[in-house]
Amino acid sequence: MPGRYVAGDDQLREGEMVAWGEWEPPSRIEHHWPGEGDLPPTLHRPYWTRPSRSWPRQNTDPWVFGERMVYSNCKQTAGTPLRPTAMQSLPLGSVICFGSTRRGQFCVDTVFVVASTQPWTPGRTAGLDVDEAFNVCTVQSLIPVAADAGRAGCNPGCLPDIDLELTLYRGATIDNPVHGMYGFVPARTSDHPQPRFQRPAVYLPGLINPRSRQSTRGARRALPIEEVRGVWSSLRGQVLAHGLVLATYLATPPSAPANDPVIAPSDASC
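Trainee: An account of the side chain of Arg-188 is needed here, citing residue identities and associated values.
Mentor: Within the secondary structure, Arg-188 sits in strand S11 (residues 185-189). A polar side-chain atom of Arg-188 sits 2.8 Å from the main-chain carbonyl oxygen of Gln-194. Within the local environment of Arg-188, its side chain forms a polar contact with the backbone oxygen of Arg-196, the two atoms lying 3.5 Å apart. Residues in contact with Arg-188, not counting those within four places in the same chain, are Met-17, Val-18, Gln-194, Pro-195, Arg-196, Phe-197, His-242, Gly-243, Leu-244 and Val-245.

Structure follows, in structure tokens:
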């Protein structure tokens, strides 16, 4: 993906990068490598289309593309019936680490810093101010059509509530930071001699427990902003220490014809 990034010298540069991340629409396979440990075997170039049916579909969250990252729904509800979790009420300046547990280590693929919040529901998006790609790939993925759900073997009781209350978070950027913090994606420039890389493991004892899979640990525990900023600085330094750069902007993937014959599901990390 083309975008902008900073390295250890804090100089902002432009270029094409490779990165781990969640992407649920189609992608074009650019390269295959032999399997080797936790290195990725496949390089994808993402694009999006308007699907011919609405259900079943997955949504991309967080959305790391465009001028500001967006976090919209993942882990914001729980239980039956669905109830809001603490992830709907994060204060400004909160830091969210998206990632995966691999071999007993927490590996980060997105560091998100909350800059603004906005209530929203999938069925009412007026005034949401999101681009077309996000609307098609994420918002519309949360609104199944009953006929498509029936063909997928889903009874009406499993359909999500289009009036489900959620929170849309927009991320801080390097140009508009919050308390000196901004969001970033660990990345590597595509012209690097070894462009593929393992997801970087980070260590934050007492804050991240790699054995607690898919939990939103820390969402209910407020910390002084000085401590949060120190944790963000630690994350930044640990990612750079892996020989990576910090992607501070990634261009939104382009749209492509729905009948493109060279498509494959991406290797999502969330």
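Trainee: Help me get a handle on the side chain of Thr-189, residues and values and all.
Mentor: Looking at where Thr-189 falls in the secondary structure, it is placed in strand S11. The class of Thr-189 is buried, set by a relative accessible area of 16%. At 3.0 Å, the side chain of Thr-189 and the side chain of Asp-191 are in polar contact. Ignoring sequence-local partners within four residues, the contact set of Thr-189 consists of Tyr-5, Glu-16, Met-17 and Pro-195.

Trainee: Tell me about the sheet that holds strand S8 (residues 95-102), and name the residues and values.
Mentor: Ordered in space as S5-S10-S9-S8, the four strands form an open sheet in which the pairing is antiparallel. Two strands close off the open sheet at either side, each with one partner strand: strand S5 (70-71) and S8.

Trainee: Would you mind going over the pairing of strand S9 (residues 105-120) in detail, with residue names and values included?
Mentor: As judged from the eight bridges shared by S8 and S9, these two strands associate in the antiparallel manner. Counterpart to Gly-99 in the pairing with S9 is Val-108. Between S8 and S9, which pair antiparallel and follow one another directly, the connecting turn spans two residues, one of which, Arg-103, has a positive phi of 50°. Summarising the sheet, S9 and strand S10 (residues 166-171) pair through six bridges and their orientation is antiparallel. In the sheet register, Thr-117 faces S10, and the bridge partner there is Tyr-169.

Criteria and cut-off values
- Numbers given for residues are sequential positions, taken from 1 along each chain in its written order.
- Two thresholds apply to this predicted model, a pLDDT of at least 70 for residue-level local features and 80 or more for giving and counting side-chain atom pairs, whereas whole-chain, interface and lining totals are computed over all residues.
- Side-chain figures throughout are based on the complete set of non-hydrogen atoms in the structure, without hydrogens or water.
- Helical segments are the DSSP runs of H or I of at least four residues, strand segments are the runs of E of at least two, and each set is numbered from the N terminus.
- A 3.5 Å cut-off defines polar contacts: any pair of N or O atoms within that distance qualifies, except that in protein one atom must be a possible hydrogen donor and the other a possible acceptor, and neighbouring residues in sequence count only when both atoms are side-chain atoms.
- Any two residues having at least one pair of non-hydrogen atoms within 4.5 Å are treated as being in contact.
- Partly exposed residues are those whose accessible area sits between 20% and 50% of the maximum for their type, while under 20% is buried and over 50% is exposed, using a 1.4 Å probe and protein chains only.
- Between any two strands, at least two bridges found by DSSP are needed for them to pair.

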